[in-house]
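Analysis of the macromolecular model
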There are 2 protein chains.
Amino acid sequence: MNADAPLGVFDSGLGGLTVVRALREALPGERIVYLGDTARVPYGTRSAEVVTRYALLSARHLAARGIKLLVVACNTVSAQSLPALAAALPIPVVGVIEPGAAAAAARSKGGNIAVLATPGTVASGAYQAALRRLLPLSSVVARACPLFVPLAEEGWIDGEVPRLVAERYLSDLRRGGIDTALLGCTHYPLLARVISEVLGPQVTIVDSAEATAASVALLLEKHGLARTTGPSPRHKTICTDMPDRFRAIAERFLGRPVEAVELVDLTP
Amino acid sequence: MNADAPLGVFDSGLGGLTVVRALREALPGERIVYLGDTARVPYGTRSAEVVTRYALLSARHLAARGIKLLVVACNTVSAQSLPALAAALPIPVVGVIEPGAAAAAARSKGGNIAVLATPGTVASGAYQAALRRLLPLSSVVARACPLFVPLAEEGWIDGEVPRLVAERYLSDLRRGGIDTALLGCTHYPLLARVISEVLGPQVTIVDSAEATAASVALLLEKHGLARTTGPSPRHKTICTDMPDRFRAIAERFLGRPVEAVELVDLTP
């Protein structure tokens, strides 16, 4: 493996572009190949068996493109399938759960932490277990907020509808005295302002994406795989269905336009 | 093929249970095998190629169980893949588009019809084409309402959130003078009351499910395939992932509990 090889980033859809955004800021010299499995999105309401089966298809496709490290930007896959991916690939595999939990544990003052995520991630218990390992005396509550993903994809990220939806999911947490909310789904950063307004200014919002980018930087350094010289990197974006819809929505997640999107068929 | 064979009903998820509900009312003697492709749901935001690929897997599975007729309860599949399914199966295949469009055309007084559906169904133009064929002088507008599906699955079918979402999607239609709204997605009947409140009492709400059940009854009669004697039918419900979640939500769509749900793996 050489430092010039690209980083692979995988997500069920386009939410993982929030992780790409953080990676591009933290590691401007790295080339990134992104794969969004839009033919099978969403993963958050599927079983662990099906999520692992789908994730292996995408991970093997990225590995075949010569990536030096795989970032699993999907919280559901990170929660349920990381051991299976690590066993199947000859390269390091980094998920978003451990870095996100570590960042929340570091920033929480009182150890009262709420994890907001998809039903699949909440049911897996992965964030809760990671936080209890890091902060054994913490009090962790996890809350599934399934409508946040379609709201983010519709671009309804401020105004009355998202505010009311957030109220319905989160108002009892405000009364519960939490001090930190961990956004455990790549779509949720788009709704961070609304979430913060509903939870109140005393609650710190922590996003897994930045923590994950920092972990990746450390790991590349440790393995001598960081790309620090050479021309500006050219990135690559791939999806498994509806590339035009992907492009149209991608800018909101990446913070800049996506030039071209390649379509691949991962049917086994 | 004999009259004792079951009817097959296929949908991307559990929305098609609104069609099963109408079929059980119209045809109480028929046994129904329902397949919801919950490992690949939703279809409404996927391309025609991918939708057809997924639909063929499910249709062939039902055909192998000896059904006498296939009802495609999924609007997206009915709009995009009916010819491919009819070509692949040796039995009659009935979709929801033609019956739904015919019912709307029959009930519209002024020919000003709105079709409410998923982005995929709207983009296919199938309802619009069917309505213009039936009522050449009609004025048809189609509107994608992607948040209606997650709202119905969350069970948020009345109150402030669905009302505001419906206002945002539909308020300009109220000003446009439509007289009929065709619910072109199997999930939307659960939101019929909110939709009707937003559109006003002068707008007739037409649901494809009942019209489809009537079409199926006619077709069975014509082919001598109606089951009119014998003991009460035993129904069968199958899905491709998350049978417990399926059962928990199914009752809202079917109007009664689902006893047991069989899990099948349709990976090719």
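To start, this report covers the structure provided alongside it.

Conventions used here
Residues numbered from 1 in each chain as written. Chains lettered and ligands numbered in written order. Predicted model: local features only at pLDDT ≥ 70, side-chain atom pairs only at ≥ 80, totals over all residues. Heavy atoms only, no water. Least-squares fit on C-alpha atoms with pLDDT ≥ 70 in both. Contact = heavy atoms within 4.5 Å. Helix = DSSP H or I, 4+ residues; strand = E, 2+ residues; numbered from the N terminus. Polar contact = N/O pair within 3.5 Å; in protein donor to acceptor, adjacent residues only side chain to side chain. Buried area = accessible area lost by both parts, 1.4 Å probe. Salt bridge = Lys/Arg side-chain N within 4 Å of Asp/Glu carboxyl O. Nonpolar A, V, L, I, M, F, W, Y, C, P; charged D, E, K, R; others polar. Axes fitted to C-alpha atoms, helices over the stretch in contact; angles between N-to-C directions. Parallel < 35°, antiparallel > 145°, perpendicular 65-115°, else oblique. Left-handed = near helix turned anticlockwise from the far one by under 90°. Buried < 20%, exposed > 50% of the residue type's maximum accessible area, 1.4 Å probe, protein only. Pairing = 2+ DSSP bridges. Core = buried A, V, L, I, M, F, W, Y, C linked by side-chain atoms within 4.5 Å.

Overlaying chain A on chain B yields an RMSD of 0.0 Å, the required transformation being a rotation through 180 degrees with an accompanying axial translation of 0.0 Å. As the rotation angle and translation indicate, the two copies are arranged about a two-fold axis. By C-alpha distance to the rotation axis, the residue of chain A lying nearest is Arg40(A), at 2.9 Å. When the interface residues of chain A are mapped onto chain B, 100% of them are again interface residues, pointing to one common binding face.

A few words on the side chain of Glu30(B). All names here are of chain B. Tracing the sequence through the fold places glutamate 30 in the loop between helix 1 (17-26) and strand 2 (32-36). Polar contacts involving the side chain of glutamate 30 include one to the side chain of lysine 68, which spans 2.6 Å. When neighbours within four sequence positions are excluded, glutamate 30 is seen to be in contact with Ala3, Ala5, Leu7, Lys68, Leu220, Leu225, Ala226, Arg227, Pro233 and His235.

Moving on: the interface of chain A and chain B. How big an interface is tends to be expressed through the accessible area that disappears when the partners come together. Contacts between chain A and chain B engage 30 residues on the former and 30 residues on the latter. Here chain A meets chain B over a buried area of about 2700 Å², counting both sides, of which 58% is carbon and sulfur. Contact with chain B buries surface across chain A, with Leu147(A), Trp156(A) and Arg168(A) losing the most and accounting together for 21% of the total. The tally of links from chain A across to chain B stands at two salt bridges. The salt bridge partner of Asp265(A) is Arg53(B), with a shortest N-O separation of 3.4 Å. Taken together, the connections running from chain A to chain B amount to 16 residue pairs in polar contact (both at pLDDT 80 or more). Among the secondary structure elements, those contributing two or more residues to the side of chain A that touches chain B are helix 2 (48-64), helix 8 (148-154) and helix 9 (160-175) of chain A. In terms of residue count, the dominant contributor to the side of chain A that touches chain B is helix 9 of chain A (six residues). When its residues are assigned to classes, the side of chain A that touches chain B shows 16 nonpolar, five polar and nine charged.

The subject of this paragraph is the packing of helix 5 (residues 97-107) of chain A against helix 7 (residues 126-134) of chain A. Residue and element names in this part refer to chain A. The interhelical angle for the contact between helix 5 and helix 7, taken along N-to-C directions, is 50 degrees, at an axis separation of 9 Å. Judged by the inter-axis angle, helix 5 sits oblique to helix 7. For the pair helix 5 and helix 7, the crossing hand works out as right-handed. Counting all contacts with helix 5, which are made through Ile97, Glu98, Ala101, Ala102, Ala104 and Ala105, the residues of helix 7 involved are Ala126, Tyr127, Ala130, Leu131, Arg133 and Leu134.

This part covers the pattern of salt bridges. Residue and element names in this part refer to chain A. Under the counting rule described, the total for this entry stands at 22 salt bridges over all chains. For the salt bridge of aspartate 4 with arginine 227, the shortest nitrogen-to-oxygen distance reads 3.1 Å. In this pair, aspartate 4 sits in the segment before strand 1 (7-11) while arginine 227 sits in the loop between helix 11 (208-222) and strand 9 (236-239), placing the two residues 223 residues apart along the sequence. Taking the relative accessible area as the measure of exposure, aspartate 4 reaches 52% and is therefore exposed. Judged by its relative accessible area of 12%, arginine 227 falls in the buried class.

On to the sheet that holds strand 8 (residues 204-207) of chain A, then. All names here are of chain A. Spatially, the four strands line up as an open sheet ordered 6-5-7-8, and their pairing is parallel. A strand with exactly one partner marks an edge of an open sheet, and here the two such strands are strand 6 (139-144) and strand 8. Strand-to-strand twist across the sheet, computed as the mean angle between neighbouring axes with direction ignored, equals 25 degrees. Both strand 7 (residues 180-183) and strand 8 contribute to a ladder of four bridges, which runs parallel.

This part takes up the nonpolar core. Counting 52 residues, the largest nonpolar core has Phe148(A), Leu170(A), Phe148(B) and Leu170(B) as the members making the most contacts within it. Look past the residues within four positions of Leu170(B) in its chain and what remains in contact with it is Leu116(B), Arg143(B), Cys145(B), Phe148(B), Ile195(B), Val198(B) and Leu199(B). Core analysis: the next-biggest nonpolar cluster, separate from the first, contains 50 residues, Ala79(A), Ala105(A), Val122(A) and Leu219(A) among them.

Read these as spatial facts, not as claims about activity.
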